Amino acid sequence: MEDINGDLNANSRCQSTGDPQLDKAVHQWLTWDKNQWTRAQVESLVAANRLDDLRKRLCSRMSFGTAGLRAPMGAGFNRINDLTIIQSTQGLYAYLSRYFADFSSRGVVVGFDTRGQEESGCSSERLAKLTAAVMLSRDVPVHLFSAFVPTPYVPYAVKKLGAAAGVMITASHNPKEDNGYKVYWSNGAQISSPHDKEILRSIEEQLEPWSSSCWDEELVENSSMRTDPLTQINSCYMDELSSLCFHRDLNTSCPLKFVHSSFQGVGHVFVQQAFQTFGFTPPIPVPEQKDPDPNFSSVRCPNPEEGESVLELSLLLAEKENARIVLATDPDADRLAVAEKSDGCSWKVFTGNELAALLGWWMFFNWKEAHPDPADSQKVYMLATTVSSKILRAFAQIEGFHFEETLPGFKWIGNRIHELSKTGNSVIFSFEESIGFLCGNLVPDKDGVSSAAVVAEMAAYLHNKSLSLNQQLHNIYQIYGCHVSKTSYVICNDPPTIQKIFSRIRNFDSERSYPKTCGGVRIIHVRDVTTGYDSSQPDLRSRGVQSGGGA
């Protein structure tokens, strides 16, 4: 990328907006920002007198959600750009240096996906290098991947290298305009409370870039404190992945064909390697979607959870190649969609809950083969987020292992896995309904790469028994009960409207009353984790949801 650091005195030429508070924010932005593209965006908005747009961009900041900091790329304190990434990393450094006495020896892991926005001079790789530059400017060792990696590689590397924290620059399956800053704690799980709030507080105290070194991408090439963990981590990951392979001989002779789409993100190379680790012939890649493209030009939406409408190229290729199974990883390869050719002409695209039923059955089936003593199951757990299907609870009740729910977001699952491991327990499967799966505990985060290989092996095993995935799903329902769910979402970017919608649901017929029917169907009970209400409990209090810890 060309040099994007421009004239720092440009702000002196900027006209007043007529709003002193906004003028101050504009002046602050133009004083601190050294990226000529994003500075020009603010100057252009001022010149066009677009005050509402300026206020939205400059008068609020991002906060950590279930997936870290995530926002559109572009100029503004509430967007992802060079300046906000530098500010975030300065705050992260300040917090980590207070928390870890040995921070300066443990260092951080930094990874990135393939996103970018030309008009902002912004790419995930550049933002990762700036993240590294901030840490290196304070003599903190940085394990910066030299090329794009799946998101799960960052938490895996944090644990493997004993780092204090990890940062992944990604917006996963979000629209192409977005990017993000995902932070992992030393246990490999995404940060949760109180760390997220403390880091945000530290960011607020470190807003002005410390020095020109923070903007120096070249620092990562020249510093002796920067290492590239790519070869080591990829090799270790693939070695450990083999622990999830139970039927290698069957895989090597498998007649099934698989098609894989990486949705123009990072997944292609890694899924190919994972298949080889399991003894499979690599899956057939969708040619239009195998190579990274920050514009995601071959898909309407880079989210495989959308189903058949975004899997069109994959399904067409599968028809042409006579492949029965389609696997699609999202752009940062932490989530997995699966479709299977039915006996007729149609395709069955599995929901996240349906895939979880299959994977949960598969993981316990193979665990039981290796542990025939029923007493061993007392140390076995499966986890799911509270908004997901209860199928794993049904498994646990019949098979005698433990099941727990967590709050929504894989950060809660990752932290709970860490807590359970400290008491000698083993989590063999975890999931969230939005096609996020973790087979075993290789990584304390959802992982589309390992899940793709596991699904392929399960399909090969079932095919050898003359069963399809969908037939086995119905077999599971015969044993554990039919679990049907319908999940959907509506995008709303206006917080007051969101507030109004939920207030209406919580005060439906009268104050503090919830709807009693939905589409003519009676609602059995309501649990509102936000307010702590659960109509199924005698005291009406929500319980049984693990929030996990951050240590």
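The coordinates are above.
Cut-offs and rules
Residues numbered from 1 in each chain as written. Predicted model: local features only at pLDDT ≥ 70, side-chain atom pairs only at ≥ 80, totals over all residues. Heavy atoms only, no water. Pairing = 2+ DSSP bridges. Helix = DSSP H or I, 4+ residues; strand = E, 2+ residues; numbered from the N terminus. Salt bridge = Lys/Arg side-chain N within 4 Å of Asp/Glu carboxyl O. Buried < 20%, exposed > 50% of the residue type's maximum accessible area, 1.4 Å probe, protein only. Contact = heavy atoms within 4.5 Å. Polar contact = N/O pair within 3.5 Å; in protein donor to acceptor, adjacent residues only side chain to side chain. Patch = residues over 30% accessible without salt bridge, like charges linked within 9 Å, V, L, I, M, F, W, Y side chains within 5 Å. Areas by Shrake-Rupley, 256 points an atom, 1.4 Å probe, with all protein chains shown as cover.

## Focus on the sheet that holds strand E5 (residues 142-144)
Phase 1: Pairing is mixed in the open sheet, where six strands are placed in the order E1-E7-E6-E2-E5-E8. Unpaired on one side and paired on the other, strand E1 (69-72) and strand E8 (226-227) mark the two borders of the sheet.
Phase 2: Sheet analysis places strand E6 (residues 165-169) next to strand E7 (residues 178-184), joined by four bridges and oriented antiparallel. For Ile 169, the partnering residue across the bridge sits in E7 and is Tyr 181.

## Here's the deal with the pattern of salt bridges
Phase 1: Applying the stated rule across the entire model yields 28 salt bridges.
Phase 2: As a salt-bridge pair, Arg 115 and Asp 113 come within 3.7 Å of each other at their nearest N and O atoms.
Phase 3: A residue is classified by how much of its surface remains accessible, and Arg 115, at 2% relative accessible area, is buried.
Phase 4: A relative accessible area of 4% places Asp 113 in the buried class.
Phase 5: In this structure, the salt-bridge partner of Lys 368 is Glu 399, at a minimum N-O distance of 3.3 Å.

## So, helix H15 (residues 391-399)
Phase 1: Here H15 has its buried residues at Ile 391, Leu 392, Ala 394, Phe 395 and Ala 396.
Phase 2: Buried residues along H15 sit in contact with helix H14 (352-370), strand E14 (380-385), strand E15 (402-406), strand E16 (426-432) and helix H18 (469-480).

## Some thoughts on the side chain of Asn 187
Phase 1: Following the sequence through the fold, Asn 187 ends up in the loop between E7 and helix H8 (195-204).
Phase 2: Here the side chain of Asn 187 touches Ala 189 through a polar contact of 2.8 Å, landing on its backbone nitrogen.

## Let's talk about a nonpolar patch on the surface
Phase 1: Taken together, the side chains of Ile 498, Ile 501, Phe 502 and Ile 505 present a nonpolar region at the surface, about 320 Å² in accessible area.
Phase 2: By the secondary structure assignment, Phe 502 is in helix H19 (residues 495-506).

## Some remarks on the pairing of strand E11 (residues 325-329)
Phase 1: The buried fraction of E11 amounts to five of the five residues, a majority that puts the element mostly inside the structure.
Phase 2: Direction of pairing for strand E9 (residues 258-261) relative to E11: parallel, over a ladder of four bridges. Paired with Ser 261 across the bridge in E11 is Ala 328.
Phase 3: Counting the residues in the hairpin turn of E11 and strand E12 (residues 336-341) gives six residues, including Ala 333, whose phi is positive at 60°.

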